[in-house]
Amino acid sequence: MAAWSPAAAAPLLRRIRALPLRCTQRMFASQTDGELKVTQILKESFPRATTIKVTDISGGCGAMYEIQIESEEFKEKRTVQQHQMVNQALKEEIKGMHGLRIFTSVPKH
(Lines give C-alpha, C1' and ligand atoms only; values in the text may rest on other atoms or scores of the structure.)
Protein backbone atom coordinates (compact mmCIF):
# COMPACT_ATOMS: atom_id res chain seq x y z
CA MET A 1 0.00 0.00 0.00
CA ALA A 2 1.35 3.42 -0.92
CA ALA A 3 1.94 6.01 1.75
CA TRP A 4 -0.55 8.84 2.03
CA SER A 5 0.49 12.19 0.67
CA PRO A 6 -1.31 15.49 0.11
CA ALA A 7 -0.61 15.24 -3.62
CA ALA A 8 -2.24 11.80 -3.78
CA ALA A 9 -5.31 12.98 -1.84
CA ALA A 10 -5.85 16.17 -3.85
CA PRO A 11 -7.93 14.58 -6.67
CA LEU A 12 -10.23 12.88 -4.16
CA LEU A 13 -10.69 16.08 -2.18
CA ARG A 14 -11.57 18.01 -5.34
CA ARG A 15 -14.31 15.44 -6.14
CA ILE A 16 -15.71 15.63 -2.60
CA ARG A 17 -15.77 19.45 -2.72
CA ALA A 18 -17.65 19.29 -6.02
CA LEU A 19 -20.55 17.40 -4.42
CA PRO A 20 -23.61 19.44 -3.51
CA LEU A 21 -23.75 20.14 0.23
CA ARG A 22 -26.88 18.02 0.64
CA CYS A 23 -24.90 14.98 -0.58
CA THR A 24 -22.15 15.41 1.96
CA GLN A 25 -24.56 15.78 4.88
CA ARG A 26 -25.80 12.18 4.55
CA MET A 27 -23.36 10.86 7.14
CA PHE A 28 -25.00 12.97 9.85
CA ALA A 29 -28.68 12.12 9.25
CA SER A 30 -30.42 8.91 10.28
CA GLN A 31 -32.85 9.07 7.33
CA THR A 32 -33.11 11.58 4.52
CA ASP A 33 -36.35 13.31 3.61
CA GLY A 34 -36.38 11.30 0.37
CA GLU A 35 -36.02 8.01 2.24
CA LEU A 36 -38.87 8.96 4.55
CA LYS A 37 -41.11 9.97 1.63
CA VAL A 38 -40.43 6.78 -0.36
CA THR A 39 -40.94 4.65 2.77
CA GLN A 40 -44.30 6.32 3.46
CA ILE A 41 -45.50 5.76 -0.11
CA LEU A 42 -44.48 2.09 0.04
CA LYS A 43 -46.22 1.62 3.41
CA GLU A 44 -49.42 3.01 1.91
CA SER A 45 -49.08 0.92 -1.26
CA PHE A 46 -48.14 -2.31 0.52
CA PRO A 47 -50.05 -2.30 3.83
CA ARG A 48 -49.27 -5.99 4.47
CA ALA A 49 -45.51 -5.49 4.12
CA THR A 50 -43.52 -6.97 6.98
CA THR A 51 -40.28 -5.22 5.95
CA ILE A 52 -39.69 -1.96 4.11
CA LYS A 53 -36.18 -0.57 4.01
CA VAL A 54 -35.28 2.41 1.83
CA THR A 55 -31.67 3.55 1.55
CA ASP A 56 -30.42 6.55 -0.40
CA ILE A 57 -27.32 5.08 -2.07
CA SER A 58 -26.41 8.36 -3.77
CA GLY A 59 -24.91 9.78 -0.61
CA GLY A 60 -28.05 11.63 0.43
CA CYS A 61 -28.75 13.42 -2.86
CA GLY A 62 -31.93 11.47 -3.58
CA ALA A 63 -30.72 10.43 -7.01
CA MET A 64 -30.57 6.67 -6.37
CA TYR A 65 -32.29 4.42 -3.86
CA GLU A 66 -32.12 0.80 -2.79
CA ILE A 67 -35.44 -0.66 -1.69
CA GLN A 68 -35.95 -3.89 0.22
CA ILE A 69 -39.56 -4.88 0.70
CA GLU A 70 -41.11 -8.08 1.98
CA SER A 71 -44.85 -8.39 1.49
CA GLU A 72 -47.66 -10.93 1.11
CA GLU A 73 -48.84 -8.87 -1.87
CA PHE A 74 -45.96 -10.41 -3.85
CA LYS A 75 -47.14 -13.98 -3.26
CA GLU A 76 -47.47 -16.03 -6.49
CA LYS A 77 -46.02 -13.20 -8.58
CA ARG A 78 -42.83 -13.41 -10.61
CA THR A 79 -39.95 -11.13 -9.63
CA VAL A 80 -40.52 -8.86 -12.63
CA GLN A 81 -44.19 -8.46 -11.61
CA GLN A 82 -43.16 -7.64 -8.04
CA HIS A 83 -40.75 -4.98 -9.29
CA GLN A 84 -43.42 -3.56 -11.59
CA MET A 85 -45.70 -3.18 -8.57
CA VAL A 86 -43.01 -1.19 -6.72
CA ASN A 87 -42.30 0.92 -9.81
CA GLN A 88 -46.01 1.66 -10.19
CA ALA A 89 -46.27 2.74 -6.55
CA LEU A 90 -43.33 5.11 -7.00
CA LYS A 91 -44.04 6.28 -10.55
CA GLU A 92 -44.04 10.00 -9.68
CA GLU A 93 -40.93 9.83 -7.48
CA ILE A 94 -39.02 7.76 -10.07
CA LYS A 95 -39.22 10.68 -12.51
CA GLY A 96 -36.71 12.57 -10.36
CA MET A 97 -34.38 9.64 -9.71
CA HIS A 98 -31.28 8.50 -11.53
CA GLY A 99 -31.66 4.87 -10.52
CA LEU A 100 -33.44 2.40 -8.30
CA ARG A 101 -32.41 -1.00 -6.94
CA ILE A 102 -35.35 -3.15 -5.90
CA PHE A 103 -35.23 -6.32 -3.81
CA THR A 104 -38.59 -7.97 -3.16
CA SER A 105 -39.60 -11.10 -1.27
CA VAL A 106 -42.53 -12.92 0.26
CA PRO A 107 -42.48 -13.56 4.04
CA LYS A 108 -41.54 -17.10 4.99
CA HIS A 109 -43.90 -18.69 7.51
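- For the chain, an unreviewed UniProt entry supplies the name BolA-like protein 3 and the organism Myotis lucifugus.
- What UniProt states about the chain under its Subcellular location (unreviewed entry) heading is, verbatim, "Mitochondrion".
- Its UniProt record, at the heading Sequence similarities (unreviewed entry), says of the chain: "Belongs to the BolA/IbaG family."

**Re the environment of glycine 59**
- Within the element layout of this structure, glycine 59 appears in the loop between strand E1 (49-56) and strand E2 (64-71).
- Distance from glycine 59 to threonine 32, taken between C-alpha atoms, is 9.8 Å for residues 27 residues apart in sequence.

**Concerning unusual backbone geometry**
- At glutamate 76, a residue that is not glycine, the phi angle is positive and equals roughly 65 degrees.
- Mapped onto the fold, glutamate 76 is located in the loop between E2 and helix H4 (79-89).
- Look at glutamate 76 and you get exposed, because its relative accessible area is 79%.

**Describing the pattern of salt bridges**
- All told, the structure shown has 3 salt bridges when counted by the stated rule.
- Close ionic contact of glutamate 93 with lysine 37 constitutes a salt bridge, the shortest N to O distance being 3.9 Å. With glutamate 93 in helix H5 (residues 91-94) and lysine 37 in helix H3 (residues 33-45), this residue pair connects regions lying 56 residues apart in the sequence.

**Focus on the nonpolar core**
- One finds Val38, Leu42, Phe46, Ile67, Val86 and Leu90 to be the most contacted residues of the largest nonpolar core, which totals 14 residues.
- Taken together, the elements giving at least two residues each to this core come down to H3, E2 and H4.
- With near-sequence residues (within four places) excluded, valine 86 lies in contact with Leu42, Phe46, Ile67, Ile69, Phe74, Ile102 and Thr104.

What counts as what
Residues numbered from 1 in each chain as written. Predicted model: local features only at pLDDT ≥ 70, side-chain atom pairs only at ≥ 80, totals over all residues. Heavy atoms only, no water. UniProt positions renumbered as here; feature names shortened; annotations may be inferred. Helix = DSSP H or I, 4+ residues; strand = E, 2+ residues; numbered from the N terminus. Buried < 20%, exposed > 50% of the residue type's maximum accessible area, 1.4 Å probe, protein only. Salt bridge = Lys/Arg side-chain N within 4 Å of Asp/Glu carboxyl O. Core = buried A, V, L, I, M, F, W, Y, C linked by side-chain atoms within 4.5 Å. Contact = heavy atoms within 4.5 Å.

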